[in-house]
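# Architecture at a glance
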Amino acid sequence: MGTEDHEVAYMRGTGNRLVVTLGGVGTKPNEMPPFEFVGTASQGGANHVILVTERARTWMNSPDLPEAIVKEIETVVAREAIDEVVAIGNSMGGFMALVLPTLTRVDTVVALSPQFSMHPKVVPEETRWQKWRRRFPTYRFRQVPAPQDGTRYVVLHGDTPEERIHWARFPQAPKTFNHFILRGESHDLVKALKKLDIMRPLLERAMDVKTRQLRKLLEGHFTVVRREDLPQAEQTAPSYPTPLGQETVNDQI
């Protein structure tokens, strides 16, 4: 199902796991972004898959997209006797995946390079994606919500200053929130993972929350640090001047 602004598609699987993939911004601003992680999410047809993409790029702030996603998830869960729901996303899709457990049942979230917020009063240093956030109808989701009981998380970020704006704002989290920082990597973390041909095994380990195996895989290519193990000097976001015009952005929540 879909509208001019978004698409929510379903692929039937043979097992009892549902994987929801939340699309990112994409590279062609005048087109609907492509669905992401389709093959890995399906795992050869074993998993049921819901694919989400949004032309308006609102970071889940659309007036009707959250309800459309939730309706599809709950329909599939009831109809297919689903035992486990996994949400996966990169960048904007990662933010959406982190929001989703506050709206419906999600057992596992895998978020790659997610923003902590797009709100200019929360992340005044953020100057990327201005074209999109100036058009937000309102801010339904001002920032990443607190981890939800019963949900397990795997979150990966690079450590450039632009990425630190976001991951340094994530609060100290329970043991169910596995947050890894990859030294020397930028927001293009997914590109690096694909270039190394480890995206599929990484996501498979992340979906199963096999964090030791996941970290071992990553450490074969990167310097990996858990968020809570970083030096104290890196625990706060770098400070930049607030971009001009930010104060005019809609402040509704």
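Everything below is about the structure shown above.
Residues numbered from 1 in each chain as written. Predicted model: local features only at pLDDT ≥ 70, side-chain atom pairs only at ≥ 80, totals over all residues. Heavy atoms only, no water.

### Topic: the overall build of the protein
A count of helical and extended segments in the protein gives 8 helices and 8 strands. For the C-alpha atoms alone, the extent of the protein along its principal axes is close to 50 × 45 × 35 Å. Within the protein, residue pairs in contact and separated by at least 24 positions form 75% of the contacts whose partners lie at least 6 positions apart. Positive and negative side-chain charges of the protein, numbering 32 and 31 respectively, have mean locations separated by a distance of 2 Å. (Helix = DSSP H or I, 4+ residues; strand = E, 2+ residues; numbered from the N terminus. Contact = heavy atoms within 4.5 Å. Lys, Arg positive; Asp, Glu negative; His and termini not counted. Charge placed at Lys NZ, Arg CZ, Asp CG, Glu CD.)

### A word on the packing of helix α7 (residues 199-207) against helix α8 (residues 211-219)
If you want to describe how two helices pack, look at the angle between their axes and the distance between the axes. The geometry of α7 relative to α8 is characterised by a closest axis approach of 8 Å and an angle of 155 degrees between their N-to-C directions. The pairing of α7 with α8 is recorded here as roughly antiparallel in orientation. α8 is crossed by α7, and the crossing has left-handed handedness. Counting all contacts with α7, which are made through P201, L202 and R205, the residues of α8 involved are Q213, L214, L217 and L218. Split by residue class, the contact of α7 with α8 holds 5 nonpolar, 1 polar and 1 charged. (Axes fitted to C-alpha atoms, helices over the stretch in contact; angles between N-to-C directions. Parallel < 35°, antiparallel > 145°, perpendicular 65-115°, else oblique. Left-handed = near helix turned anticlockwise from the far one by under 90°. Nonpolar A, V, L, I, M, F, W, Y, C, P; charged D, E, K, R; others polar.)

### What about the sheet that holds strand β1 (residues 6-11)?
The pairing of strands in a sheet happens through backbone hydrogen bonds and is either parallel or antiparallel. The sheet built from 8 strands is open, its strands ordered β1-β3-β2-β4-β5-β6-β7-β8 with mixed pairing. Each having just a single partner strand, β1 and β8 (224-226) make up the two edges of the open sheet. The mean angle between the axes of side-by-side strands here comes to 15 degrees, regardless of whether they run parallel or antiparallel. The sheet strands contacting helix α3 (residues 92-99) are β2 (17-22), β3 (48-54), β4 (84-90), β5 (108-112), β6 (152-158) and β7 (177-182), and the helix crosses β4 at an angle near 150 degrees. Helix-sheet contacts for α7 involve β2, β4, β5 and β6, and the interaxial angle to β5 is about 145 degrees. (Pairing = 2+ DSSP bridges.)

### Notes on the packing of aromatic side chains
One pair of aromatic rings is described through two measures. These are the centre distance and the angle between the planes. For the coordinates displayed, the defined rule picks out 6 aromatic pairs. Judged by centre distance (5.0 Å) and plane angle (35 degrees), the ring pair of Y153 and F177 falls under tilted. Of this pair, Y153 sits in strand β6 while F177 sits in strand β7, and the two are 24 residues apart along the sequence. In terms of burial, Y153 and F177 fall into one category: buried. Through successive ring pairs, a cluster of aromatic residues spans W59, W129, F136 and Y139. (Phe/Tyr/Trp six-rings, centres within 6.5 Å; stacked < 30°, edge-to-face > 60°. Buried < 20%, exposed > 50% of the residue type's maximum accessible area, 1.4 Å probe, protein only.)

### Some points on the nonpolar core
Membership of the largest hydrophobic core comes to 43 residues, with the highest contact counts inside it found for L18, V20, V52, W59, I69, I73 and L98. Contributions of two or more residues to this core are made by β2, β3, α2 (65-80), β4, α3, β5 and β6. Apart from residues no more than four positions distant in its own chain, V20 is found in contact with I50, V52, I73, V85, V86, A87, I88 and L100. Core analysis: the next-biggest nonpolar cluster, separate from the first, contains 29 residues, V190, A192, L214 and L218 among them. (Core = buried A, V, L, I, M, F, W, Y, C linked by side-chain atoms within 4.5 Å.)

### Remarks on the side chain of T53
Here T53 is to be found in strand β3. Excluding its chain neighbours within four sequence positions, the residues that come into contact with T53 are D5, H6, E7, M32, P33, P34 and F35.

### Description of empty space enclosed by the protein
Tallying each qualifying case throughout the model produces 1 cavity of 30 Å³ or more. Approximately 30 Å³ is the volume attributed to the largest cavity. If you trace the largest cavity, you find it lined by V144, P145, P147, F170, P171, A173 and F177. Its residues placed into classes, the lining of the largest cavity shows 7 nonpolar, no polar and no charged. (1 Å grid on protein atoms, 1.4 Å probe; cavity = no way out; pocket = protein on both sides within 12 Å on 5 of 7 lines; lining within 4 Å. Points joined across faces, edges and corners; volume = space filled by probe spheres on them.)

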